[in-house]
Amino acid sequence: MYCTEFIFDGISSKEYDLTICSFDRAEGGEAAAGSRIEFTNFKAPGSDRWVKTGSAYNEPLTFTFQICKDIGGDEKSEPLSERELAFLMRWLVRKEYKDLQFIQEGYENIFYYCQINAERYMITGECYGLTLTVLCDAPYGWSEVKTATISSAGTTTVKLYDSSDEIGVVYPSVTLHVNENAEAQDVSIANALTGITTQIKNCNPGETIIMENRKISSSHFDTEEHKTLYDDFNWRWFTIGNTFENRENEITVTGNCDITMKWRVPRKAVI
């Protein structure tokens, strides 16, 4: 990948007059494409064949890049002052995960949710740049946030396309709002592709139920209008996914309600 600008936590490197660079100016080399998959295999006594019993990513995506002052032209880079370093460390080195995006054609909608560690690059006692080590929250990057809204007066079926680079499922955040003029009812969201049906019984008119990060809450829980929420939920979290052959999710909503889903899908772009 060759680019000069990046955005971290919504702030562009250009705002600090920084550019992506290579201190050693080496050409080529290895690039991080994603984390390794670890397979669990078993061989029965007397057999010459190993059978896969499991597989999982064993580490998050990690990569490094370097930055220095962007002074333009062919002039030599200038050292960073202690005040400039303090600003950069405050911006880049955080205790929380933040979005990192590289501004380059083909990478417009790819985000790395990550933490960054920084090391100074010193020449004759002065700091001319930083080597940034990026530790992601997953073995890959993520797409931009995708949103879908489904309005149902009874039973409604829609189709959503999953553009993920990873075969499997993701768990979207789901906001379910029961229409004000509806009666108390059971609401279900079924995905024919993943085989998951999420059901909540005894939903009240005007109630808003949120399912996010495998947690469920209701606007009527504290008012005791839906104190039985945890018993009324079937504890099957809604998923959007794909198989190697099929990316089409046929989703059926049963109930008088509006449902909004937000999610990101994995992106396996080479760094």
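As shown above, the structure is provided for reference.
Residues numbered from 1 in each chain as written. Predicted model: local features only at pLDDT ≥ 70, side-chain atom pairs only at ≥ 80, totals over all residues. Heavy atoms only, no water.

K.L.:
Can you break down the overall build of the protein residue by residue, with the values?
P.N.:
Each helix and strand in the protein was counted, giving 2 helices and 22 strands. Looking at the 271 residues of the protein, the share that counts as buried comes to 38%. In the form shown here, the protein has an accessible surface area of approximately 15,900 Å², with 47% of it arising from carbon and sulfur atoms. (Helix = DSSP H or I, 4+ residues; strand = E, 2+ residues; numbered from the N terminus. Buried < 20%, exposed > 50% of the residue type's maximum accessible area, 1.4 Å probe, protein only. Areas by Shrake-Rupley, 256 points an atom, 1.4 Å probe, with all protein chains shown as cover.)

K.L.:
I'd like to hear about helix 1 (residues 82-92), residue by residue, with values.
P.N.:
Listing the buried residues of helix 1 in full gives Leu-85, Leu-88, Trp-91 and Leu-92. Down the axis of helix 1, the buried set is contained in an arc of 130 degrees. They therefore lie on one face. Exposed residues pointing more than 90 degrees away from the buried face of helix 1 are listed as Glu-82, Arg-83 and Arg-90. On its buried face, helix 1 is in contact with strand 1 (5-8), strand 2 (11-12), strand 3 (18-21), strand 6 (62-69), strand 8 (112-123) and strand 9 (126-136). (Arc of directions from axis to C-beta. Contact = heavy atoms within 4.5 Å.)

K.L.:
Any chance you could break down unusual backbone geometry for me, citing the residues and the numbers?
P.N.:
The general pattern is negative phi for most residues beyond glycine and trans for most peptide bonds. One non-glycine residue, Asp-17, adopts positive backbone phi at about 55 degrees. Looking at where Asp-17 falls in the secondary structure, it is placed in the loop between strand 2 and strand 3. A positive phi angle, near 45 degrees, is found at Thr-124, a position not held by glycine. Within the secondary structure, Thr-124 is located in the loop between strand 8 and strand 9. Overall, Thr-124 belongs to the exposed group, its relative accessible area being 74%.

K.L.:
Residue-level account of the sheet that holds strand 12 (residues 155-161), with values.
P.N.:
Spatially, 4 strands are ordered 12-20-15-16 in an open sheet, and the strand pairing comes out antiparallel. With partners counted over all chains shown, the strands left at the sheet margins are strand 12 and strand 16 (196-203), one partner each. Each strand axis lies, on average, 15 degrees off the axis of its neighbour in the sheet, ignoring direction. The pairing of strand 12 with strand 20 (residues 248-254) spans 7 bridges and is antiparallel. Bridge pairing in strand 20 places Thr-156 opposite Val-253. (Pairing = 2+ DSSP bridges. Axes fitted to C-alpha atoms, helices over the stretch in contact; angles between N-to-C directions.)

K.L.:
Give me a nonpolar patch on the surface: which residues, what numbers.
P.N.:
On the surface, a cluster of nonpolar side chains totalling about 240 Å² of accessible area is made up of Tyr-97, Tyr-113 and Leu-135. Structurally, Tyr-113 can be placed in strand 8. (Patch = residues over 30% accessible without salt bridge, like charges linked within 9 Å, V, L, I, M, F, W, Y side chains within 5 Å. Salt bridge = Lys/Arg side-chain N within 4 Å of Asp/Glu carboxyl O.)

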